[in-house]
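Each chain, letter by letter, is given below.
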Amino acid sequence: MRRFKLWLIVIIPLLASCMKWHEGEEEIFDVAGRGLFILNEGNFQYGNASLSFYNPEEHTVSNEVFYRANGMKLGDVGQSLAMYGGRLWIVVNGSHVVFAVDPVTFKEIGRIENLTSPRYIEFMSDSKAYVSQLWDNRIFIVNPSTYSVTGYITVPDMTMETGSTEQMVRYGDFVYCCCWSYQNRIIKIDTKTDQVVGSLTIGIQPNSLVLDCNGKLWALTGGGYEGSPYGYEAPALYKIDAETFAVERIFRFRLGQTPSEVKLNGRGDMLYWINDGVWQMNVDATRVPVRPFIESRGTKYYGLTIDPVVGDIYVADAIDYQQQGMVYRYSGSGVLIDEFYAGITPGAFCWKQQ
């Protein structure tokens, strides 16, 4: 899980100033139609994050498409992807930057810089988005149209040293955000006032968050690690009513397990997550399945996405975090359809619908 690899980021401010952006020739792309973007994290301090693009109809993958289209590397530690306003947004944690990219040509359109340690971006409108941060007690408010930082949301009871905001989901006029490193909360933000208006204590280290078709939030907690000064407990999956902001059900895992990457299918009625293998559960279920939907291949499942149109399941395998990782594509019934190499440590996905 990529969230546990970034706790040594204490010299990140030095890296962005040393980053050489333009390095090589530029290649012309013109890719129409549906496809899957894969963000490859790379290795911390190596500046080798990369972007891949997979065509599900043709079963073809193109690697290093950002570098090939722009003549420059993405930077250090590719964290997350989002699609908004006809642009692909690439959050690069260690280089303090969010890129806006044309999803057809893979060309950079703009970038938001001078971020502390960006993790995820959530959009409110063409002129406002939130960017969560690691090692900062603030969520940055940005203008996606001007690529500028316009303000901050300070999270109560969080210091700069232990600050960590992670995945976000929007529900009406509110954004819910899980607080991860040395944290155990989900916070509720009023998007009209850009203020934290609620906080819900759950398990240690919430690492992922989704909103289902019934208006229920689902949060996975990692439980910390043995010897952690913040504590160590069994991880859990929490079902939370977004309207009342109250926990409805808790599904416990065994101590020492490391569930992550909770995701939904296109209808929002089926949950998936990684816990060695890939697990599947209906949002109305009252207990966790007894066996994984897709068994582990004995290496390291690291990222997960579900095709929102056809329901295929894509799971990334980091292998050893040094060589090119693999992505496995399964049908909705769990049959292997395809497999292909991506970049180093593939971890984040984003669908391009046209």
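Thresholds, definitions, all that
- Residues numbered from 1 in each chain as written.
- Predicted model: local features only at pLDDT ≥ 70, side-chain atom pairs only at ≥ 80, totals over all residues.
- Heavy atoms only, no water.
- Helix = DSSP H or I, 4+ residues; strand = E, 2+ residues; numbered from the N terminus.
- Rg over C-alpha atoms; globule rule 2.2 N^0.38 Å.
- Buried < 20%, exposed > 50% of the residue type's maximum accessible area, 1.4 Å probe, protein only.
- Contact = heavy atoms within 4.5 Å.
- Lys, Arg positive; Asp, Glu negative; His and termini not counted.
- Charge placed at Lys NZ, Arg CZ, Asp CG, Glu CD.
- pLDDT = per-residue confidence, 0-100.
- Pairing = 2+ DSSP bridges.
- Axes fitted to C-alpha atoms, helices over the stretch in contact; angles between N-to-C directions.
- Disulfide = S-S within 2.5 Å.

Engineer: Outline the overall build of the chain, listing residues and values.
Structural biologist: Check the secondary structure of the chain and you find two helices and 27 strands. Here the C-alpha atoms of the chain give a radius of gyration of 19 Å, agreeing with the 20 Å that 2.2 N^0.38 yields for 354 residues. C-alpha atoms of the chain, sized along the principal axes, occupy 55 × 45 × 40 Å. In the chain, which comprises 354 residues, the share counted as buried stands at 59%. Within the chain, contacts between residues separated by at least 24 positions form 48% of all contacts whose residues are at least 6 apart in sequence. Distance between charge centres in the chain, computed from 30 positive and 39 negative side chains, equals 4 Å.

Engineer: So what about the confidence of the model for the chain? Which residues, and what values?
Structural biologist: It should be kept in mind that the predicted coordinates are not to be read in detail where pLDDT is low. The predicted model of the chain has a mean per-residue pLDDT of 93, with 93% of residues at 70 or higher. Scored below 50 in pLDDT, residues 1-18 makes 55 contacts in the model with residues more than four places away or belonging to other chains.

Engineer: An account of the pairing of strand β17 (residues 216-221) is requested, with residue identities and associated values reported.
Structural biologist: Looking along a regular strand, one sees side chains alternate from face to face of the sheet. β17 sits mainly inside the fold: six of its six residues count as buried. Strand direction decides the pairing type here: strand β16 (residues 206-211) and β17, joined by five bridges, are antiparallel. Opposite Leu211, over in β17, you have Leu217 as the bridge partner. Between β16 and β17, which pair antiparallel and follow one another directly, the connecting turn spans four residues, one of which, Gly215, has a positive phi of 75°. The pairing of β17 with strand β18 (residues 236-241) spans six bridges and is classified as antiparallel.

Engineer: Quick one: what's the story with the environment of Gly343, residue by residue and with numbers?
Structural biologist: Relative to the helices and strands, Gly343 resides in strand β26 (residues 336-344). According to the relative accessible area criterion, Gly343 is buried, its value standing at 9%. Taking the C-alpha atoms as reference points, Gly343 and Leu51, 292 residues apart in sequence, are found 7.5 Å from one another. Each residue touching Gly343, except ones within four places of it in the same chain, is listed here: Asn40, Ser50, Ser52, Asn63, Gln323, Gln324 and Gly325.

Engineer: Residue-level account of the sheet that holds strand β21 (residues 270-275), with values.
Structural biologist: Spatially, the three strands line up as an open sheet ordered β20-β21-β22, and their pairing is antiparallel. Strands with a single pairing partner mark the edges of an open sheet, and in this sheet they are β20 (260-264) and β22 (277-282). Each strand of the sheet is rotated relative to its neighbour by a mean of 20°, with strand direction disregarded. Note: β20 against β21, three bridges, orientation antiparallel. When the bridges of β21 are listed, Lys263 appears paired with Tyr272.

Engineer: Now, about the environment of Thr286: what can you tell me, with residues and values included?
Structural biologist: Considering the arrangement of structural elements, one finds Thr286 in the loop between β22 and β23 (301-306). Taking the C-alpha atoms as reference points, Thr286 and Phe251, separated by 35 residues in sequence, lie 8.5 Å from one another. For Thr286, the residues in contact, after removing those within four places along its chain, are Arg249 and Phe251.

Engineer: I'd love a proper account of the sheet that holds strand β4 (residues 78-84), names of residues and values included.
Structural biologist: Taken together, four strands build an open sheet; the order of strands is β4-β5-β6-β7 and the sheet is antiparallel. Of all the strands in the sheet, just β4 and β7 (108-112) have a single pairing partner and so form its edges. Between one strand axis and the next, the sheet turns through 20° on average, direction left out of account. Note that strand β6 (residues 97-101) and β7 share four bridges and pair antiparallel. In the strand pairing of β7, Val101 is matched with Glu108.

Engineer: I'd love a proper account of the state of the cysteines, names of residues and values included.
Structural biologist: Following the criterion strictly, the structure yields zero disulfides and no others. Note on Cys179: no disulfide assigned, nearest cysteine sulfur contributed by Cys177 at a separation of 5.3 Å. Looking at Cys179, the relative accessible area reads 0%, which means it is buried. This cysteine, Cys350, is not joined by any disulfide, and Cys178 carries the nearest cysteine sulfur, 18 Å off.

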